[in-house]
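What follows is each chain in one-letter form.
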Amino acid sequence: MTAFANAAKLQERPATRPVVSCRGVAKVFSNGTLALQNVDLDIKHHQFVSLLGPSGCGKSTLLRLIAGLGEPSAGEIDWPADREGDAHALSFVFQEPTLMPWATAIKNVMLPLKIARMSADEARGRAADALRLVGLSAFENSYPRELSGGMKMRVSIARALVTRPQVLLMDEPFAALDEITRFKLNNDLLRLWQDSNFTVVFVTHSVFESVFLSERIVVMAARPGRIIEDIEVAAPYPRDNDYRTSPLYNEHCRSASAALESAMAHHAHHG
Amino acid sequence: MTTPLAQVAEQDGTAPVFLREKTILGLPASAWPKILMPLAVGLLSLGAWEMVVRINQIPPYILPGPILIATTMWLDWGTLSGSLWITLSISLAALAVAVVAGVALAILFAQSKWVELSFFPYAVILQVTPVVAIAPLIIIWVDNVQLSLLICAWIVAFFPILSNTTLGLNSADHNLLNLFQLYRASRFQTLLYLRLPAATPYFLAGLKISGGLSLIGAVVAEFVAGTGGSASGLAYRILESGYQLRIPRMFAALFMISISGIVIFLCLSFLSHLVLRRWHESALKREN
Ligand SMILES: Nc1ncnc2c1ncn2[C@@H]1O[C@H](COP(=O)(O)OP(=O)(O)OP(=O)(O)O)[C@@H](O)[C@H]1O
Ligand SMILES: [Mg+2]
């Protein structure tokens, strides 16, 4: 019954044109590593997509190419819903917090707005809002080294959100966090995504995280990095801790795990 | 409040809690040993020196004791302070020019690898050529003696700032550079908000070295120039006292040079501490 309801819910979503589409994308690094081969991927508006795969399969490489950090060696990455020259359509959360150590939390969050030449007062207001969103209001004036690892990551997320991006690219943002914090941030990210109108591409190597968060899991295999499976996670939002214990969740975890295992097997055959 | 991501706040408490370290006369208690210990060593050594001079009855034209040196400094303060002022102003002017030129050139180098590759070797040549060897030439070429001294001091002081700042500008975190690219920051914004702050600790380390070097450069150049007349620095006082066998005065001038060097170093260290204390590893106590 639930599966049926979900399908209906998924179909309700508006706008089906892709936000970004990768066609035959390959990446060869200067040392000869073939990191990606023949990647085709369409990501739709307001979709929550996870890239799932073993370490070294090219998830970060693909995400960086999508972000425009580096050129693909072959194929192309197209943004059909043209971005109208708006520098803030895109935000990126790196695998590490990547904060400026000489700047306080709020100054770090203000950075993208400062680059966009927003007035300091307005930027400060919006940065304060973003920090409140991640629960760090009390730490506005702390320097990164005075924050814990999880707090730094939240500052980094606040910095990505402050520009109100249309596309949010996240590279294992919660991988270094403890489980309790990760669950909370998972819940909060989902709530934020439902309330807003952005698209998320979320890199992870955790089956559970990808099944909990996303509508769609793109499974990748290594050597060379490629997409081997594209799974739809038909479960209704809002997803909460009840979902984590539901049979539906288990079922999706099982199929995602199977896909990941076959990805590893591919890897073993080729490597 | 149920804004997304907000509940995590609960686990952090509402605000950070600070406990302050005890202070004595405005300085943290842990800072006092750092000041008192070297001072004690210095006083003990001076005392031993005075004892050795007195017990062995060493004549002042061989080795004057610290007390005699101090009284000479007091009595000759008129001449010596004038010379001190001249030497210091040349050093500080050279340091200032070295900072401006070093940072400007480093920024230029950071703009393109080619510029750096083409010009950096010449900066190295300037650095490795002994200033004693080129000082006579510079003094001949430049009419104004003060200016030629300044140029010599600058040559010595400028390289650490240039090379450190160049290194610093190129050491900005790679992912942060990507972030700036992602938000389409202009070259100038990247320089201002990322490269320059990232270079600051390197620049300050260079500045500390250059501060001492500018004084050494000024003194060496003065020795070579050996200028007479009213506008003469401490190096000239040392030469002059040597000729006249006024050894206590020679020591007094020497002391003043050393003390100036120490003061310059302390000032620059303090400046560095002020700038870096909140964020840079070098300025922080290890707490773990
Ligand atoms: N700059 C680089 N130069 C050469 N090879 C690289 C470079 N960056 C990544 N690679 C190689 O490309 C492959 C994919 O790397 P990538 O960082 O995309 O993996 P990943 O899936 O993100 O792994 P992880 O989960 O460990 O972060 C790896 O085999 C890696 O060795
Ligand atoms: Mg990665």
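As the structure is a prediction and not an experimental result, all values here were calculated from the model. Each chain carries its own residue numbering, running from 1 in the written order of its sequence. Numbering of ligands from 1 and lettering of chains from A proceed in the order in which they are written. Thresholds applied to this predicted model are a pLDDT of at least 70 for local features of residues and 80 or more for the giving and counting of side-chain atom pairs; totals over whole chains, interfaces and linings are not thresholded and use all residues. Water and hydrogen atoms play no part in the side-chain values, which are based on all heavy atoms of the structure.

Undergrad: Summarise the sheet that holds strand β6 (residues 167-171) of chain A; cite the residues concerned and give the values.
TA: Residue and element names in this part refer to chain A. When DSSP finds at least two bridges between two strands, those strands are taken to pair. Going along the chain from the N terminus, every DSSP run of H or I of four or more residues is numbered as a helix, and every run of E of two or more is numbered as a strand. Read across the sheet, six strands follow the order β5-β6-β7-β3-β8-β9 without closing on themselves; strand pairing throughout is mixed. The strands lining the two open edges of the sheet, one partner per strand, are β5 (90-93) and β9 (226-232). Pairs of neighbouring strands in the sheet enclose a mean axial angle of 15°, with direction left out of account. Where β6 and strand β7 (residues 199-204) come together, five bridges link them in parallel fashion. Bridged to L168 within β7 is V200. The contact definition used throughout considers only heavy atoms, calling two residues in contact when any of these lie within 4.5 Å. A fitted line through C-alpha atoms serves as each axis, taken over the contacting stretch for helices, and the angle formed by two N-to-C directions is quoted from 0 to 180°. Along the sheet face, helix α6 (residues 179-195) touches β3 (48-52), β6 and β7 and points at about 140° away from the line of β3.

Undergrad: An account of the site of ligand 1 is needed here, citing residue identities and associated values.
TA: Residue and element names in this part refer to chain A. The local shell around ligand 1 holds 13 residues, among which S55, G56, K59, S60 and T61 are the closest. The definition of a polar contact used here is a pair of N or O atoms within 3.5 Å, where within protein one atom must be able to donate a hydrogen and the other to accept one, and adjacent residues in sequence count solely through side-chain atom pairs. G56 has a polar backbone atom sitting 2.8 Å from an oxygen atom of ligand 1. Residue S60 places a side-chain N or O atom 2.6 Å away from an oxygen atom belonging to ligand 1. In these tables, accessible area is a Shrake-Rupley quantity obtained with a 1.4 Å probe, and a residue counts as shielded only by the protein chains included in the view. Expressed as a share of its isolated accessible area of 640 Å², the protein-covered part of ligand 1 is 64%. Among the elements that take part in the shell around ligand 1, helix α2 (residues 59-67) stands out by supplying three residues, more than any other. A class-by-class count of the residues in the shell around ligand 1 yields three nonpolar, eight polar and two charged. A molecule or strand has a residue near it when one of that residue's heavy atoms lies within 4 Å. Each residue gets one label: Ala, Val, Leu, Ile, Met, Phe, Trp, Tyr, Cys and Pro are nonpolar, Asp, Glu, Lys and Arg are charged, and the others, such as Gly, are polar.

Undergrad: Before we move on, can you summarise the packing of helix α6 (residues 131-141) of chain B against helix α9 (residues 187-225) of chain B with the specific residues and values?
TA: Residues and elements named next belong to chain B. Look at α6 against α9: their axes get within 9 Å of each other, and the N-to-C directions meet at 55°. Relative to α9, the element α6 is oriented oblique. By crossing handedness, the relation of α6 to α9 is classed as right-handed. Residue-level inspection shows V131, V132, A135, P136 and I139 of α6 in contact with α9, the latter providing V220, A221, V224 and A225. When grouped by side-chain class, the residues that make up the contact of α6 with α9 number nine nonpolar, no polar and no charged. Note on terminology: angles under 35 degrees are roughly parallel, angles over 145 are roughly antiparallel, angles of 65 to 115 are roughly perpendicular, and the others are oblique. Each crossing gets its handedness from the near helix: less than a right angle anticlockwise from the far helix is left-handed, clockwise is right-handed.

Undergrad: Give me the lowdown on the pairing of strand β8 (residues 216-221) of chain A, citing residues and values where you can.
TA: Residues and elements named next belong to chain A. Buried residues are those whose accessible area, probed at 1.4 Å on protein chains only, stays under 20% of the maximum for their type, while exposed residues exceed 50% and partly exposed ones sit between those limits. With respect to burial, β8 is a largely interior element, six of its six residues being buried. Where burial is concerned, the two faces of β8 agree: the one with R216, V218 and M220 and the one with I217, V219 and A221 are both buried. Pairing analysis gives four bridges linking β3 to β8, with the strands arranged parallel. Looking across to β8, one finds that V49 is bridged to R216. In this sheet, β9 lies alongside β8 in antiparallel orientation, the contact comprising six bridges. Directly across from R216, in β9, lies its bridge partner E232. Linking β8 to β9, which pair antiparallel, is a turn of four residues; within it R223 sits at a positive phi near 50°.

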